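In case you want the letters, here they are:
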Amino acid sequence: MLDFSLTPEQESLQDLARKFARTEMAPRAAACDKEGRFPEEIYRKAWELGLMNLNVPSEYGGSGLSVLDQCLIVEELAYACGGMTTSIIANCLALEPILLGATPEQKRRWLAPFCAEYHLASFCLTEPGGGSDAAGLQTRATRDGDDYVLRGEKCFITNGPHASLFTVFATTDPSLRAKGIVAFVVPGDAPGIVRGKDEDKMGHRASSTGTIRFEDVRVPAAQRLGGEGEGFSIAMRTLDQTRTPIGALATGIAQAALDHAARYSLERKSFGKPISEHQAIQIKLANMAQMVSAARLLTWKAAWTIDRGERGTLDSSIAKCVASDSALRVADDAIQIFGGYGYMKEYPVEKLLRDAKLTQIYEGANEIQRIVTARELLRRYA
Amino acid sequence: MEIFVLLKPVPEGESRLRVSADGRRLDLDGVKFVLAGYDESAVEQALLLKESAPGSTVRAVSFGPARCEEILRAAIALGCDAATWVEGPSEAAEDPMVVARALATAIAPGGASLILAGKQAGDDEEGLVPAAVAERLGVPSFGHVLDLRAGPDGASLRFARATEAGTERWECPLPCVIGLQQAWNDPRTAKLPNILKSRKAAIAKVAWTETAAALGAESRPTNRPEAFALPPPRAGAKMIEFKTPDDAAEQLVRALREEAKVFP
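Residues numbered from 1 in each chain as written. Chains lettered and ligands numbered in written order. Predicted model: local features only at pLDDT ≥ 70, side-chain atom pairs only at ≥ 80, totals over all residues. Heavy atoms only, no water.

**Some words on the overall build of chain B**
The condition that has to hold: The secondary structure listing takes helices from DSSP runs of H or I that are at least 4 residues long and strands from runs of E that are at least 2 residues long, numbered from the N terminus. Partly exposed describes any residue whose relative accessible area lies between the buried limit of under 20% and the exposed limit of over 50%, with all areas from a 1.4 Å probe on protein chains only and scaled to the type maximum. Think of it this way: Lys and Arg go in the positive column, Asp and Glu in the negative one, and His and the chain ends go nowhere. Charge positions come from single atoms, namely NZ of Lys, CZ of Arg, CG of Asp or CD of Glu.
On a plain count of helices and strands, chain B comes out with eight helices and 13 strands. Along the first, second and third principal axes, the C-alpha set of chain B runs to 70 × 50 × 40 Å. Classification of the 264 residues of chain B by burial places 41% in the buried group. Charged side chains of chain B number 31 positive and 37 negative; the gap between the two group centres comes to 2 Å.

Here it is, written out as structure tokens:
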């Protein structure tokens, strides 16, 4: 039977995330956004409460939450600040390749420290020459005895400037495209890693994003995840797992925009009455509520599919795409309802638009999500 | 130390409250109950004492209908070792004397060396239960307590009480019942893995039939609420239009004095 009610356990996870979001994140969100500050003290607290590494199984010290439970938490966090949430959940993305591709011994070695102590990890796939064309990546992995030597550059790496561990995708032979890709675990202090500057971004300004250059970084073969040529599959399966929480992140931003706009519409008067009494505003609010609901339900559906053990590529692509497009439109409508005030940085809604924009781009641009959706869809008709 | 913490489920602060159909009480149907206010301070204090006296245990205890379960699990997630749900019907939970008798009956055999509670409940703020439990158990009771520490001999407590006139300092032999002031300590937040563990923790249950049999006629509430009225909706704010700050201040003072009559 279909059931949308949450269990008491899920409600208590949601309560924890909501409390943390509203007491720790929200009060600092505007200042961190303005200053482009990476509030590591907040991320440490999130770690202490167990709100990081949500996907790491309990045998390695994590919570091993289902994707649906992760989504409930991520939506609450993102309601307070999308950028901080991106940095908090970046470990899930970076550690997922280890969960999917590592041997039990590698898992113990690389996952346990993240649950025992506060550490950040970064997922290094995107390169300056291409993000969506992941199979065409150029970072080289050259075998040298028992080691590989990594050479190349990764960009837009979340938490890159602060990470103590990288999961890196490189190729033994670019002409092999996907078949040449290998995944590695690389400690942040490996000689030859050069961290670029922290990027100055439009939104998600409490998150840190940077370039990581690998200048002949020597990596023992024991730090390879899976076999040569399995890296691309690990990367894609990772994104299948982490795409859905991005839908939840977008939903949180959208819900915040709707709440701000609805409350404001009851206070703000024009033509002698609250603007909530004008149908032009009511219709906008109704459209926003529809989009928020659709975003959340599609996200839950995708999470449910994955938690049943299915790969969920189609559902998660649809969810991520609809939720992020919705977040942008709902944030845009919220600004419109606030009018001139909405355009001012003193009010909270313009930040939501800037933060929402990234959700259409990262973890698979929405154009890629649509290609994936169409491919999965057409397979059913062929 | 065997520390017991008495907890009451109270409606979440953001709840939309309605009056019940019979007009006597709040309609608590569908309301979310939480561990809140003074009770959070009591749990925090119990955990601090436990941490300062290794070997101590903390047991959370709550009287009432099934809604007690959630706050007992919340207490376990915060670090309490065990929990007891003293089952009781809603009508019994409305009478603080019945609550106190039922709690005392459940606690008595447990060998409590210290019983902590919020100085009053986070919802009705009656503040009767801790003292009534102490009376029933025949042990001393203090309310409005803050800055609580175990005495050097392990058989007494030292604490402060905030009064209108100033701060009192006390030493009291164990066992005793202490009603704690809110938020003088900074209650911790439960960690996610502990929340997950708390869902699986066993909660001891004292059946109402058992309590009612032990209490006999004393299990029946002697008080019954007559009527409940929500506060009248607040009138709208008055906006003052002004040209200069001095002008605004002058108008504001006049409105406070002549219209709101806040001061003469």
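So, next bit.
**Some points on the packing of helix α2 (residues 40–48) of chain A against helix α4 (residues 82–101) of chain A**
Residues and elements named next belong to chain A. Rules: Lines fitted to C-alpha atoms define the axes here, with helix axes fitted over just the stretch in contact, and angles between the N-to-C directions of these axes take values from 0 to 180 degrees. The scheme is simple: roughly parallel for angles under 35 degrees, roughly antiparallel for over 145, roughly perpendicular for 65 to 115, oblique for anything else. For any helix crossing, the convention is left-handed if the near helix is rotated counterclockwise from the far helix by under a right angle, and right-handed if that rotation is clockwise. Any pair of residues with heavy atoms lying within 4.5 Å of one another is described as a contacting pair. Residues are sorted three ways: Asp, Glu, Lys and Arg are charged, Ala, Val, Leu, Ile, Met, Phe, Trp, Tyr, Cys and Pro are nonpolar, and all the rest, Gly among them, are polar.
Axis separation between α2 and α4 bottoms out at 10 Å; the angle between their running directions is 55 degrees. Taken together, the axis directions place α2 and α4 in an arrangement best described as oblique. When you trace α2 past α4, the crossing you get is right-handed. Packed against α2, whose contacting residues are Ile42, Tyr43 and Ala46, the element α4 presents Gly83, Met84, Ser87 and Ile88 at the interface. Of the residues in the contact of α2 with α4, the class split is five nonpolar, two polar and no charged.

**Notes on helix α7 (residues 208–215) of chain B**
Residues and elements named next belong to chain B. To keep things clear, this is the line we draw: What the arc covers is the set of directions going from the helix axis to the C-beta atoms.
The complete set of buried residues in α7 reads Trp208, Thr211 and Leu215. Taken around the axis of α7, the buried residues stretch over an arc of 65 degrees, which confines them to a single face. Away from the buried face of α7 by more than 90 degrees, exposed residues Thr209, Ala213 and Ala214 are located. Buried residues in α7 make contact with β6 (57–64), β7 (82–87), α3 (90–93), α4 (96–107), α5 (129–137) and β13 (204–206). With its phi angle positive at about 60 degrees, Gly216 sits one or two positions after the end of α7.

**Some remarks on the domain arrangement of chain B**
Rules: Here the limits of each domain have been adopted from an automatic or database domain assignment.
Domains assigned within chain B are domain 1 (2–219) and domain 2 (234–264). A separation of 44 Å is found between the C-alpha centroids of domain 1 of chain B and domain 2 of chain B.

**A closer look at the interface of chain A and chain B**
Operational definition: A 1.4 Å probe defines the accessible area here, and the buried area is the portion of it lost by two parts on being joined, summed over both. The term salt bridge refers to a side-chain nitrogen of Lys or Arg lying within 4 Å of a carboxyl oxygen of Asp or Glu. Nitrogen and oxygen atoms within 3.5 Å of one another constitute a polar contact, given that in protein one can donate a hydrogen and the other can accept it, and given that sequence-neighbouring residues count only through two side-chain atoms.
The interface is formed by 16 residues belonging to chain A together with eleven residues belonging to chain B. Both sides of the chain A and chain B interface together cover about 1,200 Å² of buried area, and 60% of this is carbon and sulfur. The tally of links from chain A across to chain B stands at one salt bridge. Note that A:Asp15 is salt-bridged to B:Lys32, the shortest N-O span being 2.6 Å. On the surface where chain A and chain B come into contact, there are two residue pairs in polar contact (both at pLDDT 80 or more). Taken together, the residues of the side of chain A that touches chain B break down into eight nonpolar, three polar and five charged.

**Overview of the domain arrangement of chain A**
All names here are of chain A. Taken as a whole, chain A is organised into domain 1 (8–116), domain 2 (121–232) and domain 3 (233–379). Just the C-alpha atoms count here: the centres of domain 1 and domain 2 sit 22 Å apart. In this complex, domain 1 contributes 29 residues to the contact, which on the side of domain 2 involves 22 residues. Linking domain 1 to domain 2 there are zero salt bridges. Linking domain 1 with domain 2 are ten residue pairs in polar contact (both at pLDDT 80 or more). Every element with two or more residues in the side of domain 1 that touches domain 2 is listed here: α1 (8–35), α2, α4 and α5 (104–116). At 13 residues, α4 tops the list of elements feeding residues into the side of domain 1 that touches domain 2.

**Comments concerning the pairing of strand β10 (residues 156–162) of chain B**
All names here are of chain B. The test is simple: Between any two strands, at least two bridges found by DSSP are needed for them to pair.
When you tally the buried positions in β10, you get five out of seven residues, the bulk of the element. Of the strand pairs in this sheet, strand β9 (residues 141–150) and β10 are connected by four bridges, and their pairing is antiparallel. If you follow Leu146 over to β10, its bridge partner there is Ala160. What sits between the antiparallel neighbours β9 and β10 is a turn of five residues, in which Gly154 has the positive phi angle 80 degrees. The pairing of β10 with strand β11 (residues 167–173) spans seven bridges and is classified as antiparallel. When the sheet's bridge partners are listed, Leu157 is paired in β11 with Cys172. Turn length for the β10-β11 hairpin, with the two strands adjacent in sequence and antiparallel, is four residues.

**Looking at the side chain of A:Ser324**
Residues and elements named next belong to chain A. With respect to the helices, strands and loops of the structure, Ser324 is situated in helix α8 (residues 313–338). You can call Ser324 buried: its relative accessible area is 0%. Reaching out from Ser324, the side chain makes a polar contact with the side chain of Asn366 at a distance of 2.8 Å. Setting aside its immediate chain neighbours within four residues, Ser324 contacts Ala250, Thr359, Gln360 and Asn366.

**Quick notes on the packing of aromatic side chains**
Residues and elements named next belong to chain A. To be explicit about the condition: Here a pair means two rings of Phe, Tyr or Trp (six-membered ring of Trp) with centres within 6.5 Å. Their orientation is stacked below 30 degrees between planes, edge-to-face above 60, and tilted elsewhere.
For the structure shown, the criterion picks out ten aromatic pairs over all chains. Considering the side-chain rings of Tyr264 and Phe338, the 4.1 Å spacing of their centres and the 10 degrees angle between planes classify their relative orientation as stacked. Residue Tyr264 is located in helix α6 (residues 231–267), and its partner Phe338 is located in helix α8; the two are separated by 74 residues in the primary sequence. Each member of the pair, Tyr264 as well as Phe338, is classed as buried. Joined through ring pairs, the aromatic side chains of Tyr264, Phe338, Tyr341 and Tyr347 make up one cluster.

**What about the nonpolar core?**
Quick note on the threshold: The criterion is simple. A nonpolar core is a set of buried Ala, Val, Leu, Ile, Met, Phe, Trp, Tyr and Cys residues joined through side-chain atoms within 4.5 Å.
Within the largest apolar cluster, 65 residues are counted, with the highest numbers of intra-cluster contacts made by A:Met25, B:Leu116 and B:Ile178. Ranked by the residues each element gives to this core, the list is headed by α1(A), at eight residues. Not counting residues up to four positions away in its chain, the partners in contact with B:Leu116 are B:Ile3, B:Phe4, B:Val5, B:Leu6, B:Ala42, B:Gln45, B:Ala46, B:Leu49, B:Leu148, B:Ile178 and B:Leu180. Within the second largest apolar cluster, 42 residues are counted, among which are A:Val67, A:Leu72, A:Ala254 and A:Ile337.

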